[in-house]
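Spelled out, the chains give:
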Amino acid sequence: MSMRTVNFTINGEAKSVQAESRQLLVHCIRETLGLTGTHVGCETSHCGACTIHLDGEPVKSCTMFAVQAEGKSLTTVEGLAIGGTLNPVQEGFWEEHGLQCGFCTPGMMMTATALLRTVNEPTETEIREAISGNLCRCTGYVNIVKAIQYAQRKMHATPAPEAVLQGGD
Amino acid sequence: MIPASFEYVVAHSLEETVGLLAKHGSDAKILSGGMSLIPAMKLRLAQPVFIVDVNGVSGLEYIREEHGELRIGAMTREAALERSSLVKHGYPILFETAKVIADPLVRNRATIGGNLAHADPANDHPATMLALGATIVAHGPNGDRLIPIDEFFPSFFASALEPDEVLTEIRIPAPSVRSGGAYIKFERKVGDYAIAAVAVNLTLDDHDTCIAARIGLTNVTDVPARATSAEASLVGHRITEQAIADASRLAAHESDPKSDLRGSAEYKRDLVRVLAGRAIGRAVSRARGGSH
């Protein structure tokens, strides 16, 4: 079993970890780095519970090897809140009851945060399309969509939305 | 769901990639987006000894028109195809194809080259590239080799790539006047493979007679295949409702679906008939200058 050194930035912190080539990125994040906010759901690239940002884009961390993160910038759900202040998406899930069991929530919030950074005013259809790779078995998605719309309104009500949605870079 | 052990190397050039492939032969596998390979490795359906990660090779992500062709770099992500206004407005069939592959998160990683090189008859690009009459560019020890898409899928889950070749580019002929295409996929849910899907690309003359037609089928044949008798039934004729119905029946007849959890063979074959009819109709509308 040959181990490799892998260097990347996660939630703004430079890390150097040892990883076997076959280790999935999600296992590196959870087990090596102890960041257990990123969940392992289906392990078959379907459910999206393991969604993180890779250089700002939402991807499924169960479908990448840790060694592929070399030189990349990663963000996990732990990187969304800044200084204990929830980002607008997190606040939206809180205010609109966007979760029940909470298992899909980290992935949902990573996808939603990326969506609102690239699309200013997504329609409900665009929101539903954006989260179509994140499965929720509790809510029926209604309150998740409301939570994302809450975040969108909150960002637009603030003079400098870029400053508000700083998590997830 | 842990893959078997393997040796991992990041290649930084095509020459390095080809050298590694030549050295390791069929033990080696190329990792591009990894959206088919990694799930297969987790299920141990694939157990490559040696992985060549081509994400380190620069210059393979582009979408541009040149020499009367649309040229797409093999490492172009599906999400980039979806976002390209050139693709959306100039090649709506390709936009429709990229848009229905897996889900948005997967499309941020998945590449068009990987989708084709995997040679899975359930993948979406093969049917569309068959309809578009694309050419595959393979890079090997002796440089580039052009492979017509009709020769690219020789047998089950096999491509025409040699073990020491890497797919670098897809070339699609620029649309001729009064041509149009469409890809229509029917799936149980987002992220699933097609129960069936049909790609159509056709050209009309000034009198609305069809002068060229190509039809590709997804997930209803052992290898990605065209519905050639359906194509032949359209060419030389005005595309009437009756002509569409006849061609659709021929396409269904040419399909060879298997019964599985997505439906019975009979159901899928009839689905091919329905989807072919819709796709021909939409392609005709586009050829006549309609946007739909």
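Thresholds, definitions, all that
- Residues numbered from 1 in each chain as written.
- Chains lettered and ligands numbered in written order.
- Predicted model: local features only at pLDDT ≥ 70, side-chain atom pairs only at ≥ 80, totals over all residues.
- Buried ≥ 20, exposed ≤ 12 C-beta atoms within 10 Å, placed from the backbone.
- Helix = DSSP H or I, 4+ residues; strand = E, 2+ residues; numbered from the N terminus.
- Contact = placed C-beta atoms within 7 Å.
- Domains from an automatic or database assignment.
- Pairing = 2+ DSSP bridges.
- Axes fitted to C-alpha atoms, helices over the stretch in contact; angles between N-to-C directions.
- Parallel < 35°, antiparallel > 145°, perpendicular 65-115°, else oblique.
- Nonpolar A, V, L, I, M, F, W, Y, C, P; charged D, E, K, R; others polar.
- Left-handed = near helix turned anticlockwise from the far one by under 90°.

Okay, helix α8 (residues 125-132) of chain B next. With eight of eight residues buried, α8 of chain B is to be regarded as a mostly interior element. Trailing α8 of chain B by a residue or two, G133 of chain B shows a phi angle of about 65°, which is positive.

Here the focus is the interface of chain A and chain B. Each partner contributes to the interface: chain A provides 22 residues, whereas chain B provides 22 residues. For the side of chain A that touches chain B, the secondary-structure elements that each account for two or more residues are β4 (57-60) and α4 (124-130) of chain A. Per-element tally for the side of chain A that touches chain B: the top contributor is β4 of chain A, with four residues.

A few words on the domain arrangement of chain B. Here chain B is partitioned into domain 1 (7-56), domain 2 (63-173) and domain 3 (179-286). Placing the centre of domain 1 of chain B and that of domain 3 of chain B at their C-alpha centroids yields a distance of 34 Å.

Attention now goes to the sheet that holds strand β2 (residues 13-20) of chain A. All names here are of chain A. Read across the sheet, five strands follow the order β2-β1-β5-β3-β4 without closing on themselves; strand pairing throughout is mixed. Unpaired on one side and paired on the other, β2 and β4 mark the two borders of the sheet. Adjacent strand axes in the sheet meet at a mean angle of 45°, parallel and antiparallel pairs treated alike. Sheet contacts for helix α3 (residues 105-118): β3 (51-54) and β4; angle to β3, the most-contacted strand, approximately 35°.

All names here are of chain B. Strand order in the open sheet made by the three strands is β1-β3-β2, with parallel pairing throughout. Whereas interior strands pair on both sides, the edge strands pair on one side only; in this sheet they are β1 (7-10) and β2 (28-31). Each strand of the sheet is rotated relative to its neighbour by a mean of 25°, with strand direction disregarded. By the bridge criterion, four bridges tie β1 to strand β3 (residues 50-53) in an arrangement that is parallel. Paired with V10 across the strands is D53, a residue of β3. Helix α1 (residues 14-24) contacts β1, β2 and β3 of the sheet and is inclined by roughly 170° relative to β3.

Moving on, we come to the packing of helix α5 (residues 92-99) of chain B against α8 of chain B. All names here are of chain B. Between α5 and α8, the shortest axis-to-axis distance is 10 Å and the interhelical angle comes to 170°. When the interaxial angle is binned, α5 and α8 end up roughly antiparallel. Here I93, L94 and T97 of α5 lie close against α8, whose contacting residues are H125, T128, A131 and L132. Broken down by class, the residue content of the contact of α5 with α8 amounts to four nonpolar, three polar and no charged.

Before going further, it helps to examine the environment of E124 of chain A. For E124 of chain A, the position within the fold is in helix α4. Spatially, the C-alpha atom of E124 of chain A lies 7.2 Å from that of V145 of chain A, the residues being 21 residues apart in sequence.

Relative orientation and spacing of two packed helices are given, respectively, by the angle between their axes and the distance between those axes. Residue and element names in this part refer to chain A. Taken N-terminus to C-terminus, the directions of helix α2 (residues 88-95) and α3 make an angle of 130°; their axes are 9 Å apart at the nearest point. Overall, the two elements α2 and α3 adopt an arrangement that is oblique. As for how α2 packs across α3, the hand of that crossing is right-handed. Of the residues in α3, those touching α2 at V89, Q90 and F93 are T105, M109, A112, T113 and L116. Taken together, the residues of the contact of α2 with α3 sort by class into five nonpolar, three polar and no charged.

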